[in-house]
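Coordinate analysis (summary)
Residue strings, one per chain:
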Amino acid sequence: MTKFNKTLLAAAVALASTQTFAAGFQLNSQSATGLGRAMAGDAIIADNASVLARNPAAMALFDKTAISVVGTYADVNVEVTDAIIGDGSSDGQYLGAMDNAAEGKPIPSFYYINPINDKWAFGIAAFSNYGTGTDLAPLNSGHEFNTPIDLLGNTEVTTINFNASVSYRINDSLSLGLGIDAIKGMGTLTRQGDFTVPVFGEIPLNLVDIDADGWGFGAIVGLAYEINENNRIGLSYRKSPNMKASGDIAYNPPFAAENFGEIDIPLADIAQLAGFHQLTDKFAIHYTAQWTNWSNFDNIELTDGENGTDSHILKHYNWENSWFLSLGATYDINDKWTVRAGIAKDQGVVGEVSSLSIPDSDRTWYSAGFSYHINEKSSIDFGYTLVAGEKVHVIETSELVGPVSAYTESGANYYSLQYNYTF
């Protein structure tokens, strides 16, 4: 394979992966209560069944069957400014700017927890950890010069995590949990446009065309420790799989194209520590420290090439491990109304290797929400989070036109509504 082909397909499969920071975002949006407190304490508070997404051991805190249904909308925004062909140190050909290069996403979730007896509980859940959509193709349009069509195009990523878990209470203080994850991932990516070649003139190039999906299986283990009735901590570790996606995986058709049958993508493990402390009858504080092992995302490998290529490592990535740190508070106004708020700092993962299509940066979360308790068995939650990303300078090399420089800034508004019921 040529270096050109490797670069194109490496970028493609990175964005088609089900566990990527596509458009700079990981979807920490499993519940409306969590979005109302910046996910602080989500692995141990256990105020509804959505805790199953973070820590299976917390099911031991339930003495009644519980269901939570969540609808979240992620209004994602990615701004690109001062995009030029060049490294930014001198004048270059101006590509333009985009006010919004991302697409909003609905994110539904469902959770069910059933205590079997005073020792055992089991639960099932369906939620999403990652997913987004970006379209940078408009930056290729309307120019009289060649543009970096190998870097700019449409990307779509969707994931669904199906989880089944059990918990066991060892004693009055300690409980353990174990869960199995089945992750369905779907991704499409295109890189195409017109390119002028000496002698031949303007020719259409369809450099990357990927429509792939696949399954991966992982696991989560958790611990819940109740210091007393007002203080408890939770710890969990999610082991992520190596995703294998298959489908239509074509690259660079005009130039000795080769199709592959499968993409092997290593995904990041996630560990988190959460605490909850009821300081008064009405007021509580909570916190989360979440670590994501993105350094595990080292190589992307293609297998089952149609021309007899068994496998090939396309590109080495230099992504960094990241921390998500949040602090929140909850206040019970009365028997009907509860309010909550939180703030979080979220580290970006991109190190020395940056990308226009992965405009990652450090982010700050500002969250607020409330619950309305309809009666003793049911309640409605609303959560809102503003995610503000830092403006970053990105330089990426196109094999067609050379270095491309741009400034990117990403952010999001999360809106979430949740219904809870206990039997």
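Residues numbered from 1 in each chain as written. Predicted model: local features only at pLDDT ≥ 70, side-chain atom pairs only at ≥ 80, totals over all residues. Heavy atoms only, no water.

1. So, the overall build of the chain
Scanning the chain for helices and strands turns up two helices and 21 strands. Residue burial in the chain is summarised as follows: out of 423 residues, 53% are buried. For the chain, restricting intrachain contacts to residue pairs at least 6 apart in sequence, the fraction spanning at least 24 positions comes to 69%. Of the accessible surface of the chain, which amounts to about 17,200 Å², a share of 56% is contributed by carbon and sulfur atoms. (Helix = DSSP H or I, 4+ residues; strand = E, 2+ residues; numbered from the N terminus. Buried < 20%, exposed > 50% of the residue type's maximum accessible area, 1.4 Å probe, protein only. Contact = heavy atoms within 4.5 Å. Areas by Shrake-Rupley, 256 points an atom, 1.4 Å probe, with all protein chains shown as cover.)

2. Brief notes about a nonpolar patch on the surface
Together, Leu279, Phe283, Tyr331, Ile333, Trp337, Val339, Phe370, Tyr372, Ile374, Ile380, Leu417 and Tyr419 line one region of the surface with nonpolar side chains, adding up to about 1,000 Å² of accessible area. Structurally, the position occupied by Val339 is in strand S17 (residues 337-346). (Patch = residues over 30% accessible without salt bridge, like charges linked within 9 Å, V, L, I, M, F, W, Y side chains within 5 Å. Salt bridge = Lys/Arg side-chain N within 4 Å of Asp/Glu carboxyl O.)

3. Things to note about the nonpolar core
Core analysis: the largest hydrophobic core is formed by 26 residues, its most contacted members being Val80, Met98, Leu136, Trp365 and Tyr414. Of all the secondary-structure elements, those providing two or more residues to this core are strand S1 (66-85), strand S2 (93-98) and strand S21 (402-422). With six residues, S1 is the largest single contributor of residues to this core. Ile149, Leu205, Leu207 and Ile249 belong to the second largest nonpolar core, which has 21 residues in total. (Core = buried A, V, L, I, M, F, W, Y, C linked by side-chain atoms within 4.5 Å.)

4. Here's the deal with the side chain of Asn163
Examined against the element boundaries, Asn163 turns out to sit in strand S6 (residues 154-169). A relative accessible area of 4% means that Asn163 is categorised as buried. In this structure the side chain of Asn163 is engaged in a polar contact, spanning 2.8 Å, whose partner is the side chain of Asp181. The contacts of Asn163, once residues within four sequence positions are left out, are Leu52, Gly123, Ile124, Ala125, Phe127, Gly179, Ile180, Asp181, Ile220 and Arg238. (Polar contact = N/O pair within 3.5 Å; in protein donor to acceptor, adjacent residues only side chain to side chain.)

5. Notes on the packing of aromatic side chains
By the definition in use, this model includes twelve aromatic pairs. With centroids separated by 5.3 Å and ring planes inclined at 45 degrees, the aromatic side chains of Tyr384 and Tyr415 adopt a geometry described as tilted. Placement of Tyr384 in strand S19 (residues 378-389) and of Tyr415 in strand S21 is noted, with a sequence separation of 31 residues between them. A residue is classified by how much of its surface remains accessible, and Tyr415, at 38% relative accessible area, is partly exposed. Three or more aromatic residues joined by ring pairs make a cluster, and in this case those are Trp337, Phe370, Tyr372 and Phe382. (Phe/Tyr/Trp six-rings, centres within 6.5 Å; stacked < 30°, edge-to-face > 60°.)

6. Quick word on unusual backbone geometry
The backbone of Ala38 sits at a positive phi, close to 55 degrees, despite the residue not being glycine. Take Ala38: it is sitting in the loop between helix H2 (32-35) and S1.

7. What about the pairing of strand S18 (residues 363-373)?
Examined bridge by bridge, S17 and S18 share ten bridges and lie antiparallel to one another. When the sheet's bridge partners are listed, Gly342 is paired in S18 with Ser367. Where S18 and S19 come together, eleven bridges link them in antiparallel fashion. Directly across from Trp365, in S19, lies its bridge partner Val387. (Pairing = 2+ DSSP bridges.)

8. Structural notes on the confidence of the model for the chain
When pLDDT is averaged along the chain, the result is 83, and 85% of the positions lie at 70 or above. When mean pLDDT is compared element by element in the chain, strand S9 (residues 231-239) scores highest at 97, while helix H1 (residues 3-16) scores lowest at 37. Confidence drops under pLDDT 50 across residues 1-25; counting only partners more than four residues distant or on other chains, this segment forms 100 contacts. (pLDDT = per-residue confidence, 0-100.)

9. Let's talk about the side chain of Ser68
Secondary-structure assignment places Ser68 in strand S1. A polar contact is formed between the side chain of Ser68 and the side chain of Asn420, at a distance of 2.6 Å. Not counting chain neighbours up to four residues away, the residues in contact with Ser68 comprise Asn48, Ala49, Ser50, Ser109, Phe110, Tyr111, Gln418, Tyr419 and Asn420.

10. Structural notes on the pattern of salt bridges
A complete count under the given rule lists seven salt bridges for this structure. For the salt bridge of Arg169 with Glu226, the shortest nitrogen-to-oxygen distance reads 2.9 Å. Taken together, the positions of Arg169 in strand S6 and Glu226 in strand S8 (residues 201-228) put the pair 57 residues apart, joining distant regions of the chain. Across the pair, exposure class does not vary: Arg169 and Glu226 are buried alike. Salt-bridge contacts for Arg238 lead to Asp181; the nearest nitrogen and oxygen are separated by 2.7 Å.

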